[in-house]
Amino acid sequence: RVLGKAGENEAEIHSIMAEFDLPFNFEPDITEAADRIPGKITKNEIDKRRDFREITTFTIDPVDAKDFDDAISFRKLDNGKFEVGVHIADVTHYVQPDTPLDKEALDRATSVYLVDRTIPMLPERLSNELCSLRPKEEKLTFSAVFEMDKQGKVSNQWYGRTIIFSDHRFTYEDAQEVIESGEGNFAEELQTLNNIALSLRKKRFSSGAVNFETTEVRFTLDEKGKPLGVVPKIRKDAHKLVEEFMLLANRGVATYVFSMKKGKDKNTFVYRTHDYPDPEKINAFAQFAKRFGHQLATENDEVSLSINSLLNEIEGKPEENVLQQLAIRSMAKAKYTTKAMGHFGLSFEHYTHFTSPIRRYPDMMVHRLLQHYLDGGKPAEQEKYEQKCVHSSEREKRAADAERASVKYKQVEFMASVGDKTFEGLISGVTEWGIYVELIETKCEGMV
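So, here is what we can say about the structure in this document. In this text, all values refer to a predicted model and were calculated from it rather than measured experimentally.

**A few points about unusual backbone geometry**
Next, step 1: Positioned with a positive phi, serine 347 is a non-glycine residue whose angle comes to about 60°.
Next, step 2: Topologically, serine 347 is positioned in the loop between β13 (335–337) and α13 (361–374).
Next, step 3: One non-glycine residue with positive phi stands out, namely lysine 443, at about 60°.
Next, step 4: Position of lysine 443 among the secondary structure elements: in the loop between β15 (434–439) and β16 (445–447).
Next, step 5: Since its relative accessible area comes to 18%, lysine 443 is described here as buried.

Spelled out as structure tokens, the structure:
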């Protein structure tokens, strides 16, 4: 394969794709299979589902998003509580097990987001059309519906297949503006949801979830893909609102399936787990933090709360980013498995991925298993699912490495274009051959 001329955006991004063995496109038979899927929703299909079309529903996504995985519905109940529905694209309605489309999705296992393009898990016909919860269109969804009070205490929950009609598409910026000003479309709904999300978040941290707020960067590119600027992404309440309700749904589904059966004959399920950190790494991190004058407890049951108070302490200080990165590196990696272990970082006993089936294969497995158990099915074969979990975890790592490589490349390309400008930086690592410095403005790291 000829990748192009060195130094040109296409050639450089293609070489990253080739290095990580990422697929360049879908085989024609896969695209054709997707194109053949009928888009019409039949009356028969609607009758099998719970109907949310009359209930206020909207999506909140990045400004440049093309696939809308999730929508939130909201209504006040007569008993003074609220019903919040988390509606997820019903991908497995369209993608049947063991078809060529399903095998391709499993092989890819995840969409990959490089700086200037997405390498999708599913062909566009599915990801951007049939399954994307676009505004003013009826869509098939798989939902987690919660009855809760304004503190976010859940008194009732329901899981199953639904049909929705999204009334509005918010970007994060639009939603943030409505939350802050209290004016605009669905202002009351957004503000109530935001208050519930803040309660949920507070509860999560007080029970030991680790508050990692890492800084990611976004590039402004010209039409040739040359970076014109690097901007750190700022996460505000609108992002956190969506995040809290997705966490609620993911945790709810995992807990629900885990609790369906008592005793050792448990239902096989796909969990997202996160182990306790390695004591050696935590000790090394504690030593490093100490040089900046911060204390860290290293006992297992105290680690998460101790890390949280450290992260609060360093907020806004020059060492914030460095210590955060190191804290993350001292953590175990989250992974997919059929073993029902907890999630250390979120401090949840059971957790899964239910909310992004357009871009993650494990979520498709979760949808199928959940429906199978809702229909009264027997426990699925564990070994088969465990293998798919291992494969999905490996693919996820590959995607993360490729994404990082594309960001690094764009950072280097950007720095090459700024000439003799002076930047403020922070020492992010020391080795015997030099020091690593991270620039505060652009988050680019280099060696002196």
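**Looking at the side chain of arginine 169**
Next, step 1: Take arginine 169: it is sitting in strand β9 (residues 168–171).
Next, step 2: Buried arginine 169, no salt bridge; nearest opposite-charge side chain is aspartate 174, N-O distance 5.8 Å.
Next, step 3: Not counting the four nearest positions on each side in its chain, arginine 169 is found in contact with Thr59, Asp61, Pro62, Val63, Ala65, Phe68, Pro135 and Asp174.

**Describing the nonpolar core**
Next, step 1: Ile60, Leu126, Leu190, Leu241, Phe245 and Phe354 are the most contacted members of the largest nonpolar core, which totals 80 residues.
Next, step 2: Looking at this core element by element, the count peaks at 10 residues for helix α9 (residues 237–259).
Next, step 3: Contacts of leucine 241, omitting those with residues within four sequence positions, involve Ile60, Ile72, Ile179, Leu190, Leu193, Asn194 and Ala197.
Next, step 4: If you look at the next biggest cluster of nonpolar residues, it comprises 15 residues, including Val210, Leu310, Leu323 and Ala327.

**Quick notes on helix α10 (residues 279–291)**
Next, step 1: Between its first and last C-alpha atoms α10 spans 19 Å; for 13 residues at 1.5 Å apiece the expected length is 18 Å, and the two agree.
Next, step 2: If you check which residues of α10 are buried, you get Ile282, Phe285, Ala286 and Ala289. Summarising the axial view, the buried residues of α10 lie within an arc of 105°, below the 170-degree limit, and thus occupy one face. Exposed positions of α10 whose direction lies more than 90 degrees from the buried face are Glu280 and Arg291.
Next, step 3: Where α10 is buried, its residues touch α11 (300–314) and α12 (320–329).
Next, step 4: Its side-chain oxygen 2.8 Å from the backbone nitrogen of glutamate 280, aspartate 278 forms the N-cap of α10.
Next, step 5: Of the residues one or two after α10, glycine 293 is the one with positive phi, at around 85°.

**Comments concerning the pattern of salt bridges**
Next, step 1: Throughout the structure, instances matching the rule amount to 32 salt bridges.
Next, step 2: Of the charged contacts, one joins glutamate 129 and arginine 125 as a salt bridge, the two residues approaching to 3.4 Å between their closest N and O atoms. Note that glutamate 129 and arginine 125 are positioned in helix α6 (residues 124–130) at a spacing of 4 residues, about one turn of the helix.
Next, step 3: Note that arginine 201 is salt-bridged to glutamate 244, the shortest N-O span being 3.7 Å. Of the two residues, arginine 201 sits in helix α8 (residues 187–206) while glutamate 244 sits in helix α9, which places them 43 residues apart along the sequence. Take arginine 201 and glutamate 244: they sit in the same class, and that class is buried.
Next, step 4: Counted as one network, the salt bridges with shared partners bring together Glu45, Lys48, Arg49, Asp90 and Arg161.

**What to know about the layout of surface pockets**
Next, step 1: Put simply, the second largest pocket is a space of about 520 Å³.
Next, step 2: As for the second largest pocket, its lining consists of 23 residues, of which Glu213, Thr215, Glu315, Glu320 and Gln324 are closest to the centre.
Next, step 3: Sorting the residues of the lining of the second largest pocket by element identifies α11, α12 and β15 as the ones contributing at least two each.
Next, step 4: Of the residues that constitute the lining of the second largest pocket, the class distribution is 7 nonpolar, 6 polar and 10 charged.

**Here we look at the pairing of β15**
Next, step 1: Taken together, the 6 bridges between strand β14 (residues 425–431) and β15 define a ladder with antiparallel strand orientation. Counterpart to valine 430 in the pairing with β15 is isoleucine 435.
Next, step 2: Between β14 and β15, which pair antiparallel one after the other, the connecting turn spans 2 residues.
Next, step 3: Sheet topology places β15 next to β16; 3 bridges connect them, and they run antiparallel. Its bridge partner being in β16, glutamate 438 is matched across the sheet by glutamate 445.

About the cut-offs
Residues numbered from 1 in each chain as written. Predicted model: local features only at pLDDT ≥ 70, side-chain atom pairs only at ≥ 80, totals over all residues. Heavy atoms only, no water. Helix = DSSP H or I, 4+ residues; strand = E, 2+ residues; numbered from the N terminus. Buried < 20%, exposed > 50% of the residue type's maximum accessible area, 1.4 Å probe, protein only. Lys, Arg positive; Asp, Glu negative; His and termini not counted. Salt bridge = Lys/Arg side-chain N within 4 Å of Asp/Glu carboxyl O. Contact = heavy atoms within 4.5 Å. Core = buried A, V, L, I, M, F, W, Y, C linked by side-chain atoms within 4.5 Å. Expected span 1.5 Å × (residues − 1). Arc of directions from axis to C-beta. Polar contact = N/O pair within 3.5 Å; in protein donor to acceptor, adjacent residues only side chain to side chain. 1 Å grid on protein atoms, 1.4 Å probe; cavity = no way out; pocket = protein on both sides within 12 Å on 5 of 7 lines; lining within 4 Å. Points joined across faces, edges and corners; volume = space filled by probe spheres on them. Nonpolar A, V, L, I, M, F, W, Y, C, P; charged D, E, K, R; others polar. Pairing = 2+ DSSP bridges.

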